[in-house]
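Coordinate analysis (summary)
Given next are the chains, with one letter for each unit.
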Amino acid sequence: MPYIVLFAHPFLSVHNKMIKTISITFTLIGIVLLAQALKPAYSICKRELNWGWRSLVILISLFIVGYGVMITALYQSPNADAFDLVVAIILLGGSVFVALVMKFSLRSINKIRDITRLEHHHALLDERNRTLLARLPLAITENEFELHYQPLIDPTTKSIHSVECLIRWPQTDGSAVATSDFIHLAEQSHVIVDITRWVISTSLKQLGLWHANGHKLALQINISTRDLNELDLVSYISKHLHSNKIKPSDLTLEITENQVINHQTECFKILQQLRHLGVGISLDDFGTGYSSMTWLNQLPLTQIKIDRSFVIGMEHNKKHMAIVQSTLDLGIKMGLDVIAEGVENAQQAQLLKQMNCALLQGYYLAKPMPAEKLDQWLNQAR
Ligand code: C2E
Ligand code: MG
Ligand code: MG
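Quantities reported herein were computed from a predicted structural model and do not represent experimental measurements.

Concerning the site of ligand 1
Taken together, the neighbourhood of ligand 1 is formed by 21 residues, with Arg168, Asn222, Asp284, Glu344 and Tyr363 sitting nearest. Here an oxygen atom of ligand 1 sits 3.2 Å away from a polar atom, N or O, in the side chain of Arg308. Tyr363 places a main-chain nitrogen or oxygen 2.7 Å from an oxygen atom of ligand 1. In the complex, the protein chains occlude 84% of the 800 Å² of accessible area that ligand 1 would expose alone. When each cavity is represented as a set of grid points, ligand 1 is found to reside in the largest pocket. Secondary-structure elements contributing two or more residues to the shell around ligand 1 are β2 (160-168), α5 (179-187) and β5 (280-286).

Some remarks on the coordination of the magnesium ion (ligand 2)
Around a metal, the ideal angle is 109.5 degrees if four donors adopt a tetrahedral arrangement and 90 or 180 degrees if six donors adopt an octahedral arrangement. The magnesium ion (ligand 2) binds to the protein through Glu164 (OE), Asn222 (OD1), Glu254 (OE) and Asp284 (OD), with metal-donor distances spanning 2.0 to 2.3 Å. Positions of the donor residues of the magnesium ion (ligand 2), expressed as sequence spacing, correspond to E-x57-N-x31-E-x29-D. Between the magnesium ion (ligand 2) and the magnesium ion (ligand 3) the interatomic distance amounts to 4.2 Å, and Asp284 serves as a bridging ligand to the pair. In this pair, Glu164 is assigned in strand β2 and Asp284 in strand β5, connecting sequence segments 120 residues apart. Across the pair, exposure class does not vary: Glu164 and Asp284 are buried alike.

Concerning the layout of surface pockets
A volume near 1200 Å³ is recorded for the largest pocket. Lining the largest pocket are 44 residues, with Glu164, Leu166, Thr179, Ser180 and Asn222 positioned closest to its centre. For the lining of the largest pocket, the elements supplying multiple residues, two or more each, are β1 (146-153), β2, α5, α6 (191-212), β4 (251-256), α8 (257-261) and β5. Broken down by class, the residue content of the lining of the largest pocket amounts to 15 nonpolar, 17 polar and 12 charged.

Some details on the side chain of His240
Checked against the element boundaries, His240 lands in helix α7 (residues 233-243). With a relative accessible area of 15%, His240 lands in the buried category.

Notes on α5
Listed in full, the buried residues belonging to α5 are Phe182, Ile183, Leu185 and Ala186. For α5, the arc enclosing every buried residue in end-on projection is 160°, short of the 170-degree limit, so these residues lie on one face. Across α5 from its buried face, at more than 90 degrees, point the exposed residues Ser180 and His184.

Describing the packing of aromatic side chains
One pass over the full model with this rule turns up six aromatic pairs. Both rings, one in Phe268 and one in Trp295, keep their centres 6.2 Å apart while their planes meet at 90°; by these two values the pair is edge-to-face. Taken as a pair, Phe268 in helix α9 (residues 264-277) and Trp295 in helix α10 (residues 292-298) lie far apart in primary sequence, 27 residues in all. Classification of Trp295 as buried rests on a relative accessible area of 3%. An aromatic cluster of at least three residues, connected via ring pairs, comprises Phe145, Trp169, Phe182 and Trp198. Sitting above the plane of the Tyr236 ring, Arg197 keeps its charged end 4.7 Å from the centroid. Here Lys367 stacks its cationic end above the ring of Tyr363, 4.9 Å away from the centre of that ring.

Section: the coordination of the magnesium ion (ligand 3)
Listed as protein donors to the magnesium ion (ligand 3) are Asp284 (OD), Asp285 (OD), Glu341 (OE) and Glu341 (OE); their distances from the metal cover 2.0 to 2.5 Å. All donors of the magnesium ion (ligand 3) belong to a single chain; written as a sequence motif, their spacing is D-D-x55-E. Among the residues examined, Asp284 registers a relative accessible area of 6% and is labelled buried. Since its relative accessible area comes to 11%, Glu341 is described here as buried.

Looking at unusual backbone geometry
Of note in the backbone geometry, Asn143 takes a positive phi value of approximately 60° without being a glycine. Along the chain, Asn143 turns up in the loop between α4 (81-141) and β1. One non-glycine residue, Lys158, adopts positive backbone phi at about 60°. Inspection of the secondary structure assignment puts Lys158 in the loop between β1 and β2. Take Lys158: its relative accessible area is 65%, and that puts it in the exposed class.

With respect to the side chain of Thr252
For Thr252, the position within the fold is in strand β4. Once residues lying within four places of it in the same chain are set aside, the contact partners of Thr252 are Leu219, Gln220, Ile221, Val279, Gly280, Ile281, Ser282 and Gln303.

Focus: the pattern of salt bridges
According to the stated counting rule, one finds five salt bridges in the structure shown. Between Lys305 and Glu164 there is a salt bridge whose closest N-O contact spans 2.7 Å. Of this pair, Lys305 sits in strand β6 (residues 303-306) while Glu164 sits in strand β2, and the two are 141 residues apart along the sequence. Relative accessible area serves as the criterion here: at 0%, Lys305 is assigned to the buried category. Lys305 is the salt-bridge partner of Glu254, the closest N and O atoms lying 2.7 Å from each other. Taken together, the positions of Glu254 in strand β4 and Lys305 in strand β6 put the pair 51 residues apart, joining distant regions of the chain. For the pair formed by Glu254 and Lys305, the shared burial category is buried. The network of salt bridges with shared partners includes Glu164, Glu254, Lys305 and Glu341.

Reading the values: rules and limits
Residues numbered from 1 in each chain as written. Chains lettered and ligands numbered in written order. Predicted model: local features only at pLDDT ≥ 70, side-chain atom pairs only at ≥ 80, totals over all residues. Heavy atoms only, no water. Near = heavy atom within 4 Å. Polar contact = N/O pair within 3.5 Å; in protein donor to acceptor, adjacent residues only side chain to side chain. Areas by Shrake-Rupley, 256 points an atom, 1.4 Å probe, with all protein chains shown as cover. 1 Å grid on protein atoms, 1.4 Å probe; cavity = no way out; pocket = protein on both sides within 12 Å on 5 of 7 lines; lining within 4 Å. Sits in = over half its atoms within 2 Å of the grid points. Helix = DSSP H or I, 4+ residues; strand = E, 2+ residues; numbered from the N terminus. Donors = N, O, S within 2.8 Å, 3.2 Å for Na, K, Ca; no water. Buried < 20%, exposed > 50% of the residue type's maximum accessible area, 1.4 Å probe, protein only. Points joined across faces, edges and corners; volume = space filled by probe spheres on them. Nonpolar A, V, L, I, M, F, W, Y, C, P; charged D, E, K, R; others polar. Arc of directions from axis to C-beta. Phe/Tyr/Trp six-rings, centres within 6.5 Å; stacked < 30°, edge-to-face > 60°. Lys NZ or Arg CZ within 6 Å of the ring centre and 35° of its normal. Contact = heavy atoms within 4.5 Å. Salt bridge = Lys/Arg side-chain N within 4 Å of Asp/Glu carboxyl O.

Below you can see the structure in the form of structure tokens.
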């Protein structure tokens, strides 16, 4: 209110009625525009200059007081009528300018910021990915990969039935590379085939050691689409099963629906050969692809793994509960083993047990761990 009086005051002393009206109207429009610019002004000041509301209000008050003083001084002159209009127009122009600058600069700052952030992100991602991709072949020969094993627990006996083998790539600088990230990168080239071969030979050797130490255990290995295009995959697996004295039925290969889609004929042929050998075939992340039912019907499966996105919150989410229950019913009726992934609490474990889920896997039961730690686990369980 005092500011409005301060604004209006000079115009009250103007004698020409028309000029007085125009000046007051312009000033009011100016105030409205300035008020409109307040929010973007605040955002800019806060974000770019780290200013709060208080600093902005002080700045605007100073501006208005200065403006009032200036106008009052101008109006002290009795013949200032013609000048009034010019000042009012300049003020309006100034206000419009400030308002527009505030509005558009916020928009362009946002735009520039988004573009820069995106470019930065892409540049970073590309550079990191390029480096990772280039280092992948060497990582195999230099033995940089590690294998972790996550137990699959029988909820009735609470014993470990099998372990899923999950690859890790520890970095010398301590940074983390998510498994799915580098696997995704490796899948873009033939290097995934070499990684899978390393995983198969290393984990089967480890399983052989566990068997030799009297632990009855089966193994699950994740494989990729490209692996299913390699004609010698079956003989490679057969050779390593034989050399480590492992029964084919103690090995299950996990594939995801999306992997099979593009290379159906070749994949089917290899999967059939693997089944003939006696190796189990599991459909991983079941329900996340777009034609899960087709694959159930067409692939030579022995197992399905209910994706953890359905297990999450199933204890209070009726839809998740219904999906899990139906998948279990369907799988059991089709003679498949059904495994629930991502079991994170006791309630989920209890519910899944009541629903006759054959095996449970998840952080609640055990996280993936190196072979030495699993050794301790197995010895304690005895
Ligand atoms: P996946 O085969 O579905 O493996 C399960 C993933 O869920 C693993 O992530 C595991 O650590 C994580 N997990 C297990 N229980 C829980 C839980 O209770 N809560 C949560 N939030 N997560 C849980 P990881 O090890 O990061 O692997 C990610 C994916 O990378 C795997 O998904 C698999 O598709 C792929 N992958 C891992 N190892 C290999 C490999 O040796 N070869 C290939 N081709 N793919 C692999
Ligand atoms: Mg898996
Ligand atoms: Mg999975």
